[in-house]
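# Observations on the model geometry
Okay, here's what each chain looks like letter by letter:
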Amino acid sequence: MKLTYPACFYPCEKKEGAYTVEVPDLPGCVSEGETLADAILMATDAASGWVLDELEDGRPAPAASPLQKIIPEEGGFVNMLVLDMDAYAEKYGEKAVRKNLTIPAWLNTFAEKNHINFSQVLQDALTALYQKRQNAS
């Protein structure tokens, strides 16, 4: 799912070339960057995180205001942010994903008799493998 939101960009007073970015449709979503390009990337990341939190909590993504309705404060300008929520959720999402697996019947019997949580065992094993490969890099 791709979403667009208007964002207000303001030159930073403390550092030349840097920008602060506010996304009016996402209350409290503020970011900044060392350059305009960096500010766009940082704002896109912040807005994507904001929206992902809403989606993972079962709420819909807020509707975007029409670009012409967003009036920045003096010295600022408005630009659109494009959010690729599928890519962002794949990378940063915490939502559980259902997976089917196949194991030998004897192992299933053992696990059930011992009240073993299949999902937890798989998560633990995959997390350990992930961490091992990250440390090897």
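Residues numbered from 1 in each chain as written. Predicted model: local features only at pLDDT ≥ 70, side-chain atom pairs only at ≥ 80, totals over all residues. Heavy atoms only, no water.

## Focus: the nonpolar core
Core analysis: the largest hydrophobic core is formed by 18 residues, its most contacted members being Val23, Leu81 and Leu83. Mapped by element, the contributors of at least two residues to this core are strand 1 (2–11), strand 2 (19–22), helix 1 (36–56), strand 4 (77–84) and helix 2 (85–92). Broken down by element, this core gets its largest block of residues, 5 residues, from helix 1. With residues up to four places along the chain from it excluded, the contact list for Val23 reads Tyr5, Pro6, Ala7, Cys29, Ala47 and Leu81. (Core = buried A, V, L, I, M, F, W, Y, C linked by side-chain atoms within 4.5 Å. Buried < 20%, exposed > 50% of the residue type's maximum accessible area, 1.4 Å probe, protein only. Helix = DSSP H or I, 4+ residues; strand = E, 2+ residues; numbered from the N terminus. Contact = heavy atoms within 4.5 Å.)

## Quick notes on the packing of aromatic side chains
Going through the model one piece at a time under the given rule, you end up with 3 aromatic pairs. Here the aromatic rings of Tyr88 and Tyr92 are separated by 4.7 Å at their centres, their planes lie at 45°, and the arrangement is tilted. With a gap of 4 residues between them, Tyr88 and Tyr92 both fall in helix 2, about one helical turn apart. Each residue in the set Phe9, Tyr19 and Phe77 is aromatic and connected to the rest through ring pairs, giving one cluster. (Phe/Tyr/Trp six-rings, centres within 6.5 Å; stacked < 30°, edge-to-face > 60°.)

## Focus: the environment of Val23
One can find Val23 in the loop between strand 2 and strand 3 (30–33). A residue is classified by how much of its surface remains accessible, and Val23, at 4% relative accessible area, is buried. Through-space distance from the C-alpha of Val23 to that of Asn79 is 10.0 Å; in sequence the pair is 56 residues apart.

## Quick look at the sheet that holds strand 1
One open sheet accounts for 4 strands, arranged 3-2-1-4; its pairing is antiparallel. Each of the sheet's edge strands pairs with one partner strand only, and the pair in question is strand 3 and strand 4. Averaged over all neighbouring strand pairs, the angle between strand axes comes to 35°, with direction disregarded. In this sheet, strand 2 lies alongside strand 1 in antiparallel orientation, the contact comprising 4 bridges. Residue pairing for strand 2: Cys8 is matched across the bridge by Glu22. Across the sheet, helix 1 lies against strand 1, strand 2, strand 3 and strand 4, angled at about 55° from strand 4, the strand it touches most. Here helix 2 sits on the sheet in contact with strand 1 and strand 4, set at roughly 60° to strand 4. (Pairing = 2+ DSSP bridges. Axes fitted to C-alpha atoms, helices over the stretch in contact; angles between N-to-C directions.)

## What about the packing of helix 1 against helix 2?
Running from N to C, helix 1 and helix 2 point in directions that differ by 80°, and their axes come no closer than 10 Å. Considering their axes alone, helix 1 and helix 2 lie roughly perpendicular with respect to each other. Between helix 1 and helix 2, the residues in contact are Asp45, Ser48, Gly49, Val51, Leu52 and Leu55 and Met85, Tyr88, Ala89 and Tyr92, respectively. Looking at side-chain class alone, the contact of helix 1 with helix 2 contains 7 nonpolar, 2 polar and 1 charged residues. (Parallel < 35°, antiparallel > 145°, perpendicular 65-115°, else oblique. Nonpolar A, V, L, I, M, F, W, Y, C, P; charged D, E, K, R; others polar.)

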